[in-house]
Amino acid sequence: MPENIPRKALIAISSYHGVIYPDGTKTGLFYTEALHPFEVFTQVGFEVDLATETGTFGLDDLSLTDRFLTGDDKVVFDNPEHPFNVKLNSQLRKASDLRKEEYGLFFASAGHAALYDYPSARGLQAVGEDVWTRGGIVAAICHGPVILPKIIDSETGNSVIEGKTVTGFTVEGEVALNVLEKLTSDKVIPVVEAVSDVGADYSSPMHPFDDYSITAGGVITGANPASARSAAERVVKAFDSLQEA
């Protein structure tokens, strides 16, 4: 492994925490979209940091419902001493305090909250750019790909996803969750529009909540919460291939 691509990952988290759901509950970090990558990365020897743009976060209420938080994930959530919860609740970093060169992997977790702050999260974007420039891996899940248009390839001056096939949460999914009207009124840009506007090819899962992830060179994306683990596994495979190159 090249010395300038450390086996250390940054999982980016949205700092936005506001009401979007019809029942008055809030969006924020979709819990398993950070937990699953954390588990995958740490199991294969990565050191992992968690960071938001502001150093603060809130949890997405939908992500804590029985529909999305069950089994082993619920056991982890209920254990404040689990390494992930310790990182999240007492060791969360602020983007501007990070040393970009420490990371060889950038992974943007999400929740609808990402639509609100990732497009302007310059501190997090800068980490992703630095990782990319050094030849590392950049990845995002669900709504997380909205951070990718502003992660710029220094050689081309364009987004790292220009000309690449990526995925992310579908507009059909927004309709199914009954939040499209709210998102539209808030004037946030859906994933498909955000990535298409910078020349990426958007690929959709057959159904909004199917496990679906894509590798496009050094960029890996996943479509939804069900894809967080498979996307992270793709990331590890792509990262390990750097060692063989």
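Residues numbered from 1 in each chain as written. Predicted model: local features only at pLDDT ≥ 70, side-chain atom pairs only at ≥ 80, totals over all residues. Heavy atoms only, no water.

Remarks on helix H5 (residues 122-133)
The condition is simple: Strands here mean DSSP runs of E at least two residues long; helices mean DSSP runs of H or I at least four residues long; both are numbered from the N terminus. One fewer than the residue count of a helix, multiplied by 1.5 Å, yields its expected span. Residue exposure (1.4 Å probe, protein chains only): buried if accessible area is under 20% of the type maximum, exposed if over 50%, otherwise partly exposed. Whether two residues are in contact is decided by their heavy atoms: any pair within 4.5 Å suffices.
Between the first and last C-alpha of H5 there are 16 Å, a value that for 12 residues agrees with the 16 Å anticipated at 1.5 Å per step. Of the residues making up H5, those classed as buried are Gly123, Leu124, Gln125, Val127, Gly128, Glu129, Val131 and Trp132. Buried residues belonging to H5 abut strand S1 (8-12), strand S4 (47-52), strand S6 (105-108), strand S7 (137-141) and strand S11 (219-222). Phi turns positive one or two residues past the end of H5, at Gly135, with a value near 95 degrees.

Concerning the pairing of S4
The side chains of a regular strand alternate, residue by residue, between the two faces of the sheet. Heads up, the rule is: Any two strands are treated as partners once DSSP identifies two or more bridges connecting them.
Among the six residues that make up S4, five are buried, leaving the element largely enclosed by the rest of the structure. By the bridge criterion, two bridges tie S4 to strand S5 (residues 93-94) in an arrangement that is parallel. By the bridge assignment, Ala51 is partnered in S5 with Arg93.

A word on the side chain of Ser14
Applied cut-off: Within 3.5 Å is the distance limit for a polar contact, defined as a pair of N or O atoms, with the added protein rule that one can donate a hydrogen and the other accept it, and that residues adjacent in sequence qualify only through two side-chain atoms.
Relative to the elements of secondary structure, Ser14 occurs in the loop between S1 and strand S2 (18-19). Here the side chain of Ser14 touches Tyr16 through a polar contact of 3.1 Å, landing on its backbone nitrogen. In this structure Ser14 touches Thr52, Thr56, Phe57, Ala113, Ala114, Asp117 and Tyr118, once residues within four positions along its chain are discounted.

A short note on the packing of aromatic side chains
To describe a pair of aromatic rings, you give the distance between the ring centres and the angle between the ring planes. The following threshold applies: Two aromatic rings, drawn from Phe, Tyr or Trp (for Trp, its six-membered ring), form a pair once their centres lie within 6.5 Å of each other, and the interplanar angle then sorts them: stacked below 30 degrees, edge-to-face above 60, tilted otherwise.
Counting across every chain of the model gives 10 aromatic pairs. Ring plane angle 85 degrees and centroid distance 5.2 Å describe the contact between Phe30 and Phe68, whose orientation is recorded as edge-to-face. Of this pair, Phe30 sits in the loop between strand S3 (26-27) and helix H1 (31-43) while Phe68 sits in the loop between S4 and helix H2 (71-77), and the two are 38 residues apart along the sequence. Note on Phe68: relative accessible area 15%, which makes it buried.

Regarding the side chain of Arg134
Residue placement: Arg134 occurs in the loop between H5 and S7. In contact with Arg134, not counting residues within four places along its chain, are Asn4, Ile5, Pro6, Lys100, Glu101 and Tyr103.

Considering the sheet that holds S4
One open sheet holds the seven strands; their spatial order is S5-S4-S1-S6-S7-S11-S10, and the pairing between them is mixed. Because the sheet does not close on itself, it has two edges, and the strands there are S5 and strand S10 (213-216). In this structure, S1 lies alongside S4, joined through five bridges in parallel fashion. Across the sheet, residue Ile11 finds its bridge partner in S4, namely Leu50.

Considering the nonpolar core
Selection criterion: Only buried Ala, Val, Leu, Ile, Met, Phe, Trp, Tyr and Cys residues count toward a nonpolar core, and they belong to the same one when joined by side-chain atoms within 4.5 Å.
In terms of nonpolar packing, the biggest core is built from 76 residues, with Phe41, Phe106 and Leu124 touching the most fellow members. Residues within four places of Leu124 in sequence aside, it is in contact with Leu10, Ala12, Ile13, Ala51, Thr52, Glu53, Ala95, Phe106, Tyr118 and Ile147.

Considerations on the pattern of salt bridges
Applicable threshold: A pairing counts as a salt bridge when a side-chain nitrogen of Lys or Arg comes within 4 Å of a carboxyl oxygen of Asp or Glu.
Summed over all chains, the structure comprises 13 salt bridges. With a closest N to O distance of 3.4 Å, Asp49 and Lys87 form a salt bridge. Residue Asp49 is found in strand S4, and its partner Lys87 is found in helix H3 (residues 83-90); the two are separated by 38 residues along the sequence. One salt bridge in this structure joins Glu101 and Arg99, with 3.2 Å as the shortest N-O distance. For Glu101, a relative accessible area of 43% translates into the label partly exposed. Put simply, Lys8, Glu47, Asp49, Lys87, Arg93, Arg99, Glu101 and Glu102 are held in one network by salt bridges that share partners.

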